[in-house]
Amino acid sequence: MGKFFRVFFSICFCFTLFLGHTSAQKEGNIWYFGKNAGIDFNTGAAFALVDGAMNTLNGCATISDATGKLLFYTNGIEVYDRTHNLMPNGTGLAGGLTSTQSAIIIPKPFNTTLYYIFTVDNQMGSAGIEYSIVDMSQNAYNGDVVKKNIKIRTPVCEKLTAVQHFNKKDIWVIAHNDSDSYISFLVTDSGVRTTPVISPGGVSVAGSKFDAIGYLKVSSEGNRLASAIKLLNLVEIGSFDNTTGKVGNLQVIPNVSTAYGVEFSPDNTKLYATDYFDRQLYQFDLSSNDINTITNSRVTIFTSTSALSAIQQAPDGKIYVSRDAHGQMGVISDPDQLGLACNYNDIGFDLNGKECYAGLPTFVQSFFLPTKDFIYQNTCLGDGTEFIGKTNINPDYWYWYFDDPVSTIHNTDSSRYPVHYFSSAGTYHVYLVIGFNGATDTVRKTLTINNISKINLGGDRSTCLGLPVRLDAGISGVQYQWNTGDTTRAIQVDTSGRYWVTASKDECVRSDTVRITFLQTRNYSLGNDTVVCGTSLTLSKNVPGAHILWSTGETDTSITVHKTGYYWIRISTAQCSYYDTILVFFESPPPVYLGPDTTLCEGNIDTLNAGIKFSKYLWSTGEITQKIAIHSGGTYWVRVTASNCIVYDTINVLHCRAKIFIPDAFTPNGDSLNDRFRPYGSDIARAQMTIVNRWGEIVYKGDDENGWDGKFGGSLCPEGLYEYVVIYREYLGTVLYDRQLTGRFYLLR
């Protein structure tokens, strides 16, 4: 068996080196997106960043170096450096203001300073797909956009994704043209190959420019592709050949209403998609590779109170979901698991006062290739050495080899968390082989098992003040470290506290802890007499090694009392005995009820009443009266203080849904009738309007409630047809979110 494994391992190890699989890169460890929002994954767990300078409604991209340090980020129009300032020449890039995936950043292979920013225009606009070049060696190593807006092809959809070539060096950038074809461009150490690989045969988006909307993703392994086509209400899936750049086997998952975001699970067997307007998150099981089975496998993971949009895999193995115009993101914690076992939390990550919108950063998906590693603990002979296999995928199998043939059948294991008892002290070379999708990865580590006896400092105990205690670690030939700073085998203590010692030799560490209590007044006092607001109080006093007796006859370390009266405790050791007494007085809390949740429309006023006289009040508004008047929705609370009791109650006041009307014509002729074009309505928290003429020029943009006066640059605009985009905020429950209206109107004079 040993000879067979050596041959098997040699083959696996060579194959692993050929594939070049390593731990996940850190270029995707920092994200900036939405309204000044950001996330840092460098510590292993997500941490909210609040220093972002970018405010963008949709697509964006961020790039870090190989160690996870921020380099720059962009919304496809502006480029911000690592100091959150605009990069030189970092304005006027050709990405679309509302483009789903307006930008993606591609490192130039075999170059540590040059990066390509690919951009796409919104709604198949005239800019199409272009790229700009950033040189990080310029501007004191904060970067400079040295070339800008090099056109490749037009028109294209609002879709961009990227993945490593099979050779693990070059990178494929994938987009979609204005018909039925996917287009792939190869980025090599020689630059961008602008002649694309064209893959026709998909769903045609030629019917409407709005069919350009929706995310495009390729799996991190580079073999699957998915595209959300929002206004066709479908998701298109297919295969991707990361050797040739070809997309194939294109098939449709229908009836995904307003499909927007798509993402693959780390193990490449699940596909997640969002329904923007119905606010739903779906999961599809891809393992069958049969389109009917995949379509029928749909599970509605969650229906949110907010519009769900972009989805992005993260370095921590989770998938993050953007909740449009909210300060909390959804998180899929176990995305490889089937159905609801994927463990989705709609408010799983808080952005610390910032907001996400419809977009999340677009990355080279290979940044999130599965990690493979293992750790171990307990290297003392006689203790079970615990091993933990680490990966963010669900592998086909685990295979451990412990280099301990004397242990016979126990020398190998097939679990993720094995425990091995080594047969003798010495040095061992431990291997972990992970199998996934027909390939294997191998991790090797060397560890030393030492023979050190266990330490026993005895149990926690109490003694009288003035009687020192000797603590002895009890073994020789090792290095000692006490928490007192001593490095000797034994110490003497005369102060209450917890004492610990470690005895170490190489990686083998033995330790023990003991609490010694020297009894004095503060050790047995029950505290001052007290008044309790409620019906019960727990009295507690834990003195290790002592005997306890309460006035109730109980001998536990704590008792719970319910009546007003005196209570005493006696604490006894072999050398001494102490008493203490406490008076407990119970007081009933006052009732406070603000009523059920209610709805309040614009212009209305409601009154909240705490309902208890002769008390002190504090409202969430800062008022201190028994009653307050409210004029808007929100969550209100009151704190009522009566004698020694403090009681709270909360009520949610919901906003009315917004009512909005936008006219289809206006006549800015100075007759004071219909002279301005603007939205009308009620219960609208904010509205911003953008107006473009027939040539696509923006002639007005703002949130002025007076609207547009029909002028541009101080001159009268001609009669004709104009287009508008109105983004307004309304309440859903107590939460604000953005809505968008588009349309056309006539200017008549």
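Note: the structure precedes this text.
All residue numbers refer to position in the chain's written sequence, counted from 1. The predicted nature of this model means local features are confined to residues of pLDDT at least 70 and side-chain atom pairs, given and counted, to a pLDDT of 80 or more, with totals for whole chains, interfaces and linings taken over all residues. Side-chain descriptors were evaluated using all non-hydrogen atoms of the structure, hydrogens and water having been removed beforehand.

This part is about the overall build of the chain. A run of DSSP states H or I qualifies as a helix once it reaches four residues; a run of E qualifies as a strand once it reaches two. Both are numbered from the N-terminal end. The number of helices and strands found in the chain is three helices and 60 strands. Taking all 749 residues of the chain together, the buried fraction comes to 50%. Note on contacts: a residue pair qualifies if any of its non-hydrogen atoms lie within 4.5 Å across the two residues. Taking the intrachain contacts of the chain between residues at least 6 apart in sequence as the baseline, contacts between residues at least 24 apart amount to 53%. For accessible areas, the Shrake-Rupley method is used with a probe of radius 1.4 Å. Any residue's cover is judged against the shown protein chains and nothing else. For the chain, the accessible area works out to roughly 33500 Å², and carbon and sulfur atoms hold 50% of it. Side chains of the chain carry 59 positive and 70 negative charges; the gap between the two charge centres is 3 Å. Throughout this description, buried means an accessible area under 20% of the type-specific maximum (1.4 Å probe, protein chains only), exposed means over 50%, and partly exposed covers the range between. The charge count includes Lys and Arg as positive and Asp and Glu as negative, but it does not include His or the ends of the chains. Where a charge sits is defined by one atom per residue type, namely NZ (Lys), CZ (Arg), CG (Asp) or CD (Glu).

A cis amide bond links threonine 154 to the next residue, proline 155, at an omega of -5 degrees. Looking at the element boundaries, proline 155 is found in the loop between strand 10 (144–153) and strand 11 (161–164). Notably, asparagine 255 is not glycine yet its phi reads approximately 60 degrees, a positive angle. Accessibility expressed as a relative area gives 59% for asparagine 255, which makes it exposed. The phi angle at arginine 279 is positive, at roughly 60 degrees, despite the residue not being glycine. Examined against the element boundaries, arginine 279 turns out to sit in the loop between strand 20 (270–275) and strand 21 (280–285). Given the relative accessible area of 24%, arginine 279 is considered partly exposed.

Here we come to the nonpolar core. What makes a nonpolar core is a set of buried Ala, Val, Leu, Ile, Met, Phe, Trp, Tyr and Cys residues whose side-chain atoms join them at distances within 4.5 Å. Within the largest apolar cluster, 83 residues are counted, with the highest numbers of intra-cluster contacts made by Phe33, Phe72, Ile106, Phe118 and Leu271. Examining the composition of this core, we find that six residues originate from one element, strand 8 (residues 114–120), more than from any other. Each residue touching leucine 271, except ones within four places of it in the same chain, is listed here: Ala226, Val235, Ile237, Ile253, Val262, Glu263, Phe264, Tyr282, Gln283, Phe284 and Leu286. Grouped together as the second largest cluster of nonpolar side chains are 20 residues, Ile475, Tyr480, Ile491 and Ala503 included.

Turning to a nonpolar patch on the surface, a few remarks are in order. Patches here: salt-bridge-free residues with over 30% relative accessible area, like charges joined within 9 Å, nonpolar side chains (Val, Leu, Ile, Met, Phe, Trp, Tyr) joined within 5 Å. For this document, the term salt bridge refers to a Lys or Arg side-chain nitrogen within 4 Å of an Asp or Glu carboxyl oxygen. Nonpolar side chains collect at one region of the surface, where Ile375, Ile388 and Tyr417 lie side by side and expose about 270 Å² of accessible area between them. Note that isoleucine 375 resides in strand 27 (residues 372–377).

Disulfides are defined in this document as cysteine sulfur pairs within 2.5 Å. In this structure the tally under the stated criterion is two disulfides. Covalently, cysteine 380 is tied to cysteine 508 through a disulfide, its sulfur atoms 1.9 Å apart. Judged by the sign of its S-S torsion, about 115 degrees, the cystine formed by cysteine 380 and cysteine 508 is right-handed. In this pair, cysteine 380 is assigned in the loop between strand 27 and strand 28 (385–391) and cysteine 508 in strand 39 (residues 508–519), connecting sequence segments 128 residues apart. Its sulfur unpaired, cysteine 60 is 11 Å from the next cysteine sulfur, which belongs to cysteine 356.

What follows is about the pattern of salt bridges. Oppositely charged side chains are able to pair whenever their charged atoms sit close together. As enumerated under the stated definition, the model contains nine salt bridges in all. The salt bridge involving lysine 217 is made with glutamate 263; its shortest N-O contact spans 3.2 Å. Here glutamate 263 lies in strand 19 (residues 259–264) and lysine 217 lies in strand 15 (residues 216–218), a separation of 46 residues in the sequence. When sorted by exposure, lysine 217 lands in the same class as glutamate 263, which is buried. With a closest N to O distance of 3.4 Å, glutamate 723 and arginine 744 form a salt bridge. Here the residue glutamate 723 occupies a position in strand 59 (residues 720–732), and arginine 744 occupies one in strand 60 (residues 735–747), the gap between them amounting to 21 residues. Among the ionic contacts, a cluster of salt bridges with common partners joins Lys209, Glu723 and Arg744.

Bringing the sheet that holds strand 9 (residues 129–135) into the picture now. Here the rule is simple: two strands pair whenever DSSP picks up at least two bridges between them. The sheet built from four strands is open, its strands ordered 7-8-9-10 with antiparallel pairing. Here the strands that pair on one side only, and so sit at the sheet edges, are strand 7 (103–107) and strand 10. The sheet shows a mean angle of 20 degrees between the axes of neighbouring strands, taken without regard to direction. For helices, the fitted axis covers only the stretch in contact; all axes are lines through C-alpha atoms, and the angles between them, taken along N-to-C directions, range from 0 to 180 degrees.

With that settled, the discussion passes to the environment of cysteine 380. Given the relative accessible area of 2%, cysteine 380 is considered buried. Each residue touching cysteine 380, except ones within four places of it in the same chain, is listed here: Ile449, Asn450, Cys508, Val509 and Arg510.

Mapping asparagine 345 onto the fold places it in strand 26 (residues 344–350). Through-space distance from the C-alpha of asparagine 345 to that of asparagine 85 is 34 Å; in sequence the pair is 260 residues apart. Among all residues touching asparagine 345, those that are not within four sequence positions of it are Met329, Gly330 and Val331. Identification of polar contacts relies on pairs of N or O atoms within 3.5 Å, with a donor-acceptor requirement for protein atoms, meaning one able to donate a hydrogen and the other able to accept it, and with residues adjacent in sequence counted only if both atoms are side-chain atoms. Within the structure, asparagine 345 has its side chain in polar contact with the backbone nitrogen of isoleucine 347 (distance 3.1 Å).

Working definition: rings of Phe, Tyr and Trp (its six-membered ring) pair if their centres are within 6.5 Å, and the pair is stacked with planes under 30 degrees apart, edge-to-face with planes over 60 apart, and tilted otherwise. Scanning the entire structure with this criterion turns up 36 aromatic pairs. Ring centres 5.9 Å apart and planes at 25 degrees place the aromatic pair tyrosine 722 and phenylalanine 745 in the stacked group. Note that tyrosine 722 is positioned in strand 59 and phenylalanine 745 in strand 60, a separation of 23 residues in sequence. Of the two residues, tyrosine 722 and phenylalanine 745, neither departs from the other in class, the shared state being buried. By the ring-pair criterion, three or more aromatic residues cluster together here, those being Trp31, Phe41, Tyr320, Phe349, Phe363 and Phe368. Note on geometry: a ring has a charge over it if NZ (lysine) or CZ (arginine) is within 6 Å of the ring centre and within 35 degrees of the ring normal. Over the ring of phenylalanine 374 we find lysine 445, and its NZ or CZ is 5.1 Å from the ring centre.

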